[in-house]
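# Summary of the model geometry
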Amino acid sequence: MKRINLSLIIVFALLIGLSGCMDKDNTDDTAKVKENEVAIENYLKTDSLGSKAIRDSSGLYYIIRKANPNGQLAKRGDAATIKYTGYLLDGTKVVSSTVDSKTTFTFPVEGYLFWGGIERGIFLMKTGEKATFFLPFYLASGNSDKVNIPAYSPIRLEVEFIQTRSEVQQIDEFIAKKGYTNVERTSDNLLIIRTNKVTGDTIKAGMAVSVKYVGRLLDDTKFDEGTSAFTTSSAGTIPGFDRALRKLRKTEKAIIVFPSSLGYGKSGRDKILPYAPLQFEIEVLPN
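Residues numbered from 1 in each chain as written. Predicted model: local features only at pLDDT ≥ 70, side-chain atom pairs only at ≥ 80, totals over all residues. Heavy atoms only, no water.

By the naming in an unreviewed UniProt entry, the chain goes by Peptidyl-prolyl cis-trans isomerase and is assigned to Dyadobacter chenwenxiniae. UniProt annotates the chain under Sequence similarities (unreviewed entry) with the comment "Belongs to the FKBP-type PPIase family." (UniProt positions renumbered as here; feature names shortened; annotations may be inferred.)

As structure tokens, this is what we get:
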């Protein structure tokens, strides 16, 4: 499919409107870094496990509250699922994964523009573990006021690492949940589920076709739909979509699923997050 303007609005529970970036022109930043460090170290003196806190090279402090030596480590591109609650050092609750009916938060590892402390911290945990992270302001919400978080605030973040899933695992779970059968899978995990039977030649490279489509994330959130003309193997077409078309025939209908390596990759696109597998319901029209 062509790289169209996507219409999905994705609302995440964490960090909406927040930025972890430091203002390089702000001369207060250097002094505030030291203030944050002192504040965190003073807080640790009141924590029963504070003596076990580890400070990494970024200035993040962490305590593993519950260890799980047999747990999995997150890998780049995985979808990591966590529970979290964040507090100012005075105990004021400022962020949480419990929003609406949801209690967990899932994000692409090293792909989502996130608090730097979580991007860094997720690699310090294994699934099944619980940890406390102490984030200086430059690894949290930055040097300006954000909603209920004052500028330059260090944050205590309580995190439970629930699971991490590769894109292939996400796709396999999706197929199992939907109960799809007769799934055709290529070696690079392009999946085609044909929903009607059509005979004849498949669509060739360089062939112009009209396609009716609906694009969704694997949680079934719709990000686009329409009817468009495509020329197969042309520049600017999503590789997974294009390759699937060339395995279909005119008037054929199918569900196609593919990983981000055949989609928008590690950069994402508009409101499609990095490392996001995609699904499309497509119908190749007769003309």
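Moving on to the overall build of the chain. Secondary structure summary: the chain contains 4 helices and 13 strands in total. Per-residue burial for the chain yields a buried fraction of 47% across its 287 residues. Put simply, of all contacts in the chain between residues at least 6 apart along the chain, 70% involve residues at least 24 apart. Total accessible area on the chain is roughly 14,300 Å²; 49% of this is exposed by carbon and sulfur atoms. (Helix = DSSP H or I, 4+ residues; strand = E, 2+ residues; numbered from the N terminus. Buried < 20%, exposed > 50% of the residue type's maximum accessible area, 1.4 Å probe, protein only. Contact = heavy atoms within 4.5 Å. Areas by Shrake-Rupley, 256 points an atom, 1.4 Å probe, with all protein chains shown as cover.)

A word on the side chain of T186. Mapping T186 onto the fold places it in the loop between strand 8 (184–185) and strand 9 (191–194). Looking at T186, the relative accessible area reads 18%, which means it is buried. A distance of 2.6 Å separates polar atoms of two side chains, one belonging to T186 and the other to D188. Not counting chain neighbours up to four residues away, the residues in contact with T186 comprise R243 and K247. (Polar contact = N/O pair within 3.5 Å; in protein donor to acceptor, adjacent residues only side chain to side chain.)

Counting 29 residues, the largest nonpolar core has F133, L135 and L157 as its most contacted members. Secondary structure elements with two or more residues in this core: strand 3 (79–88), strand 4 (93–96), strand 5 (105–108), strand 6 (130–135) and strand 7 (155–165). When residues no more than four places from it in sequence are discounted, the contact partners of F133 are L60, Y61, Y62, G121, L124, M125, I155, R156, L157 and V159. (Core = buried A, V, L, I, M, F, W, Y, C linked by side-chain atoms within 4.5 Å.)

Bringing unusual backbone geometry into the picture now. At Y152, a residue that is not glycine, the phi angle is positive and equals roughly 65°. Relative to the assigned elements, Y152 resides in the loop between strand 6 and strand 7.

Here we come to the pairing of strand 3. Successive side chains on a regular strand alternate, one facing one side of the sheet and the next facing the other. The buried count for strand 3 comes to 9 of 10 residues, which makes it a mostly enclosed element. Taken together, the 4 bridges between strand 3 and strand 5 define a ladder with antiparallel strand orientation. Note that in strand 5 the partner of I82 across the bridge is F105. Looking at chain direction, strand 3 and strand 7 are connected through 10 bridges and run antiparallel. Following the sheet pairing, L88 is matched in strand 7 by I155. (Pairing = 2+ DSSP bridges.)

Bringing the environment of G263 into the picture now. Inspection of the secondary structure puts G263 in the loop between strand 12 (253–258) and strand 13 (278–284). With 26 residues separating them along the chain, G263 and T237 place their C-alpha atoms 9.3 Å apart.

The terminal C-alpha atoms of helix 1 (residues 28–44), which comprises 17 residues, lie 24 Å apart, in line with the 24 Å expected from a rise of 1.5 Å per residue. Listed in full, the buried residues belonging to helix 1 are D29, N36, I40 and L44. Considered in projection along helix 1, the buried side chains sweep an arc of 65° and stay on one side of the axis. Elements in contact with the buried residues of helix 1: strand 2 (61–66) and strand 6. (Expected span 1.5 Å × (residues − 1). Arc of directions from axis to C-beta.)

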